[in-house]
Amino acid sequence: MMKKKLAALGLALMLTVSLAACGGGSSAPASSAAPAAPAASEPAGGGEVKGLEGPIAESPILLTSVGQSADVEMVKVMMDKGGLSPETNSLATEADLGDSKTLVLAIGGSSKGLGAAGIDANQELDRVNKLIAAADEKGLTIIALHIGGEARRGDLSDKFVAPSFEKADYAIVVADGNKDGLMSDLASKAGIPMDEVATMADVVEPLKAAFK
Amino acid sequence: MNKQIITASVCLLAALSVAGITGKNFMEVKKPDELRPGPGVTQTKMLSDYFPDIAGTNADSTVYVMEGEQPGGKMLVLGGTHANEPSGYLAAITFVESGKVEQGTVFVIPRTCNSGFTHNDPQEGSPQYYTIQTKGGPRQFRYGSRAANPLDQWPDPDVYVHAASGQRLSGSETRNINRTYPGRPDGTLTEKASYAVRQLIDTEGVNLTFDLHEASPEYPVINATVAHETAMSIASNGMFELQMAGIAMSLEPSPTNLHGLTHRELGDYTDTLPLLMETANASQGRLRGKTNADLVLTGKDKCYVKAQKLGFLYVPYDETGHPIEERVGRHLQGIYEYSKAYSAQYPESPIVYNGLPSYQELFLDADPSELGGTQLGKYLN
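Keep in mind that what you see is a predicted model, and the values were worked out from it rather than measured. (Residues numbered from 1 in each chain as written. Chains lettered and ligands numbered in written order. Predicted model: local features only at pLDDT ≥ 70, side-chain atom pairs only at ≥ 80, totals over all residues. Heavy atoms only, no water.)

Enquirer: I'm lost on the overall build of chain B in this one. Help?
Expert: Check the secondary structure of chain B and you find ten helices and 13 strands. Based on the C-alpha atoms only, the size of chain B along its principal axes is roughly 85 × 50 × 45 Å. Out of the 381 residues in chain B, the part that is buried amounts to 58%. Approximately 15000 Å² of chain B is accessible, and the part contributed by carbon and sulfur atoms is 54%. (Helix = DSSP H or I, 4+ residues; strand = E, 2+ residues; numbered from the N terminus. Buried < 20%, exposed > 50% of the residue type's maximum accessible area, 1.4 Å probe, protein only. Areas by Shrake-Rupley, 256 points an atom, 1.4 Å probe, with all protein chains shown as cover.)

Here is the structure:
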């Protein structure tokens with residue numbers, strides 16, 4: 001009798017455990033998909049990054065996305081409000097540089113945006129690398145903007161940050177996106193001025209000041 | 001023998017009692033919450049007025065019409081697309097109870113997926129109701145499910161094929177109204193409901209549509225606005241104003257290859273400019289702790305505070321949580337800024353309204369002890 005009771009109890013426990021296991025579902029988030037946790041606030045390279053001291057850029061301006069996030073639309077609004085009217089092409093190639101004197105890069109990856117554009121991250125990187133190389137060769141001033149803060153960091157967005165900084169002449173970043181010092185480090189390595197602002201709304205002033 | 005009859009009778013009575021209590025509760029959850037429209041509501045319609053096929057079913061839902069004294073543009077606010085995302089539902093109700101339209105016409109559907117409010121999700125431990133102290137006393141609001149009630153639409157297929165695109169999704173998505181747009185007149189009940197929304201937009205000539213949502217804190221698209229390409233200019237201009245007001249929100253383009261959602265299909269199949277907004281709701285997340293009405297209203301959850309420290313989340317999270325005032329305030333301020341941007345771009349058909357609290361009034365200026373329902377209740381009748 002006791003054996004039967006123990007067996008019944010054991011079976012009940014197994015049933016409880018199996019039911020609990022069903023509850024978790026497959027939708028638990030993978031930690032790898034989450035944004036990178038802040039590691040440090042100092043530039044990893046230890047170099048000093050200065051802000052921009054005087055205007056360096058001129059119109060006409062070509063504005064493009066690096067990562068296909070809608071941040072490019074936000075940058076356009078900021079530039080329009082600042083009286084700088086850029087030509088905007090989220091998928092610009094070297095053929096679109098025309099007589100532009102400044103190339104503005106709105107950095108931020110978006111899987112929704114890449115999907116909307118019908119391309120993947122590697123195709124986007126390829127386009128951007130060619131565009132930046134052509135702009136650099138033609139002597140355009142290149143300004144890199146990372147305005148999306150923490151929301152535009154993580155595996156996808158981070159792929160687009162370094163290529164944008166490599167040949168840039170100036171960068172403006174929202175502080176939340178630079179908590180780990182990634183962008184300060186890249187600016188330091190590239191030897192370019194960089195201004196860090198508190199919020200997206202604060203980008204307009206330094207951006208305006210960058211233009212002659 | 002006598003003993004067996006007594007035992008059987010006791011068991012039968014107990015079973016009948018349980019059946020009676022649960023049956024009563026089962027029927028009660030089908031009753032819609034009592035809404036108390038304010039003077040801004042000029043007419044009340046039903047979704048079935050636009051597609052009579054859904055009359056008398058749980059897909060039918062009340063449409064509140066708020067017409068201004070001056071002509072202008074037309075705006076639709078969809079709350080309760082997902083009945084387990086309370087800020088969208090409560091923002092729509094706040095609009096109906098406190099808003100007053102000056103120019104143009106605003107249509108508000110607080111329970112877009114009405115069927116989703118008649119049940120909640122098994123194994124989630126969700127509360128059936130949450131209570132808010134309002135000007136007129138304590139009021140109960142339903143906490144429902146992301147999907148329509150299987151009693152209204154059953155069985156689910158193994159694979160749900162979106163009719164207009166051929167997109168294949170898991171079978172349960174067949175009851176998710178935000179995967180069924182643009183809907184079908186001869187489809188499932190949920191497809192008929194989304195078809196009715198589309199008919200409303202076409203019939204009334206709705207210019208601007210908002211679909212109000214929430215997301216779990218570990219979901220990447222959160223504190224965000226998703227815009228169809230036709231609405232991107234309005235969205236980016238409105239977003240700039242939100243940023244200036246100190247409201248951190250990201251802007252996402254509507255993917256062209258993700259079908260059935262308002263921000264994609266209403267833009268593709270109608271002339272409206274669709275925008276979808278998301279706020280942070282711990283009570284629907286997978287990392288949450290104790291799930292109850294308090295969590296729904298305050299968002300306070302020590303598990304999410306820990307998850308934030310581990311870098312798992314896409315929104316800041318501390319001991320103050322994300323109270324309902326913050327979440328409803330984001331939706332209301334978003335609607336305000338985007339409709340203002342719409343009016344600036346389309347000055348021939350402006351949409352102007354007043355009476356609703358700003359994000360500042362509803363959340364930032366609130367006494368912290370009144371967050372979690374009491375402050376919002378001041379704007380409910």
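The rest of the description comes next.
Enquirer: Help me understand the overall build of chain A in this model?
Expert: A tally of regular secondary structure across chain A gives seven helices and six strands. Shown N-terminal to C-terminal, the secondary structure of chain A runs as helices and strands in the order α-β-α-β-β-α-α-β-α-β-α-β-α. Taking the contacts inside chain A whose residues are at least 6 apart along the sequence as the reference set, 82% of them involve residues at least 24 apart. Accessible surface, chain A as shown: approximately 10000 Å² in total, 54% of it carbon and sulfur. (Contact = heavy atoms within 4.5 Å.)

Enquirer: Looking at this model, I keep getting lost on the packing of helix H4 (residues 232–244) of chain B against helix H8 (residues 324–345) of chain B. Mind explaining?
Expert: When two helices pack together, their arrangement is captured by the angle between the axes and the distance separating the axes. Residues and elements named next belong to chain B. The N-to-C vectors of H4 and H8 enclose an angle of 125°; their axes lie 8 Å apart at closest approach. As the angle between them shows, H4 and H8 are arranged oblique. Crossing angle aside, the handedness with which H4 passes H8 is right-handed. Side by side, H4 and H8 meet where Ser233, Ile234, Ala235, Asn237, Gly238, Met239, Glu241 and Leu242 of the first sit next to Gln333, Gly334, Glu337, Tyr338, Ala341, Tyr342 and Gln345 of the second. When grouped by side-chain class, the residues that make up the contact of H4 with H8 number seven nonpolar, six polar and two charged. (Axes fitted to C-alpha atoms, helices over the stretch in contact; angles between N-to-C directions. Parallel < 35°, antiparallel > 145°, perpendicular 65-115°, else oblique. Left-handed = near helix turned anticlockwise from the far one by under 90°. Nonpolar A, V, L, I, M, F, W, Y, C, P; charged D, E, K, R; others polar.)

Enquirer: Can you help me understand the domain arrangement of chain B in this one?
Expert: How big an interface is tends to be stated in terms of the accessible area lost upon association of its parts. All names here are of chain B. Domain boundaries assigned for chain B yield domain 1 (1–30) and domain 2 (38–377). Computed from C-alpha atoms alone, the centre-to-centre distance between domain 1 and domain 2 is 40 Å. With five residues of domain 1 in contact, the opposing surface of domain 2 contributes eight residues. Of the roughly 490 Å² buried at the junction of domain 1 and domain 2 (both faces included), carbon and sulfur atoms supply 43%. On the domain 1 side of the interface with domain 2, the three residues burying the most area are Asn25, Val29 and Lys30, jointly 84% of the side's total. Connecting domain 1 to domain 2 are zero salt bridges. Between domain 1 and domain 2 we count one residue pair in polar contact (both at pLDDT 80 or more) in total. Looking at the side of domain 1 that touches domain 2 residue by residue, the classes come out as two nonpolar, one polar and two charged. (Domains from an automatic or database assignment. Buried area = accessible area lost by both parts, 1.4 Å probe. Salt bridge = Lys/Arg side-chain N within 4 Å of Asp/Glu carboxyl O. Polar contact = N/O pair within 3.5 Å; in protein donor to acceptor, adjacent residues only side chain to side chain.)

Enquirer: Where do I start with the sheet that holds strand E2 (residues 87–88) of chain A in this structure?
Expert: Spatially, six strands are ordered E2-E1-E3-E4-E5-E6 (chain A) in an open sheet, and the strand pairing comes out parallel. If you trace the sheet from one side to the other, it starts and ends with E2 and strand E6 (194–197) of chain A, each paired once. (Pairing = 2+ DSSP bridges.)

Enquirer: Can you walk me through the pairing of strand E2 (residues 62–67) of chain B in this structure?
Expert: Residue and element names in this part refer to chain B. Here strand E1 (residues 43–46) runs beside E2; their pairing, made up of four bridges, is antiparallel. Across the sheet, Thr44 pairs through a bridge with Tyr64, a residue of E2. Two strands pair when backbone bridges link them, and E2 and strand E4 (residues 100–109) are joined in this way by four bridges, in the antiparallel orientation. When the bridges of E4 are listed, Tyr64 appears paired with Val108.

Enquirer: What should I look at first to understand the packing of aromatic side chains in this one?
Expert: Within a pair of aromatic rings, the relevant descriptors are the distance that separates the centres and the angle that separates the planes. Residue and element names in this part refer to chain B. Applying the stated criterion to the full structure yields ten aromatic pairs over all chains. Relative to Tyr195, the ring of Phe51 has its centre 4.9 Å away and its plane inclined at 75°; by these criteria the two rings are edge-to-face. Note that Phe51 is positioned in the loop between E1 and E2 and Tyr195 in helix H3 (residues 189–204), a separation of 144 residues in sequence. By the burial criterion, Phe51 is buried, and Tyr195 matches it. Arranged with centres 6.0 Å apart and planes meeting at 25°, the rings of Tyr130 and Phe141 form a pair that is stacked. Here Tyr130 is found in strand E5 (residues 129–134), whereas its partner Phe141 is found in strand E6 (residues 137–142), with eleven residues between them in sequence. (Phe/Tyr/Trp six-rings, centres within 6.5 Å; stacked < 30°, edge-to-face > 60°.)

Enquirer: What is the right way to read the side chain of Thr225 of chain B from this model?
Expert: Note on placement: Thr225 of chain B falls in strand E10 (residues 224–227). Apart from residues no more than four positions distant in its own chain, Thr225 of chain B is found in contact with Met239, Met249, Ser250, Leu251, Glu252, Leu275, Leu276, Met277 and Tyr338 of chain B.

Enquirer: For this particular structure, what's the right way to read the nonpolar core?
Expert: If you look at the biggest cluster of nonpolar residues, it comprises 82 residues, and the most contacted ones within it are Phe211 of chain A together with Met75, Phe95 and Tyr338 of chain B. Counting 29 residues, the second-largest nonpolar core is a separate cluster that includes Val66, Val128, Ala144 and Phe160 of chain A. (Core = buried A, V, L, I, M, F, W, Y, C linked by side-chain atoms within 4.5 Å.)

Enquirer: Is there a simple way to think about the packing of helix H2 (residues 71–81) of chain A against H4 of chain B in this case?
Expert: Between H2 of chain A and H4 of chain B, the shortest axis-to-axis distance is 9 Å and the interhelical angle comes to 70°. When the axes of H2 of chain A and H4 of chain B are compared, the pair comes out roughly perpendicular. On H4 of chain B, the residues that touch Glu73, Met74, Val77, Met78 and Lys81 of chain A of H2 of chain A are Met232, Ser236, Asn237, Met239, Phe240, Glu241 and Gln243 of chain B.

Enquirer: How do you make sense of the environment of Gly72 of chain B when you look at a structure like this?
Expert: Residues and elements named next belong to chain B. Mapped onto the fold, Gly72 is located in strand E3 (residues 70–78). The spacing of Gly72 and Glu124 is 52 residues in sequence and 44 Å in space, taken between C-alpha atoms. If we ignore the near neighbours within four places in the chain, the residues touching Gly72 are Gly104, Ser349 and Pro350.

Enquirer: When you look at helix H2 (residues 86–98) of chain B in this model, what are you seeing that I'm missing?
Expert: The α-helix advances 3.6 residues per turn, and as a result positions three or four apart in sequence lie on the same side. For H2 of chain B, which comprises 13 residues, the first-to-last C-alpha distance of 18 Å matches the rise-based estimate of 18 Å (1.5 Å per residue) to within 8%. Across the 13 residues of H2 of chain B, 13 count as buried, placing the element largely inside the fold. (Expected span 1.5 Å × (residues − 1).)

Enquirer: Teacher, can you tell me more about H8 of chain B here?
Expert: Over its 22 residues, H8 of chain B extends 31 Å from the first C-alpha to the last, a length consistent with the 32 Å expected when each residue adds 1.5 Å. The buried count for H8 of chain B comes to 18 of 22 residues, which makes it a mostly enclosed element.

Enquirer: Sorry, what's going on with the environment of Met200 of chain A here?
Expert: The topology assignment puts Met200 of chain A in the loop between E6 and helix H7 (204–209). Sequence spacing of Met200 of chain A and Ala175 of chain A is 25 residues, and the spatial spacing of their C-alpha atoms is 9.3 Å. Once residues within four sequence positions are removed from consideration, Met200 of chain A is found in contact with Met74, Met78, Ile147, Gly148 and Val174 of chain A together with Gln243 and Met249 of chain B.

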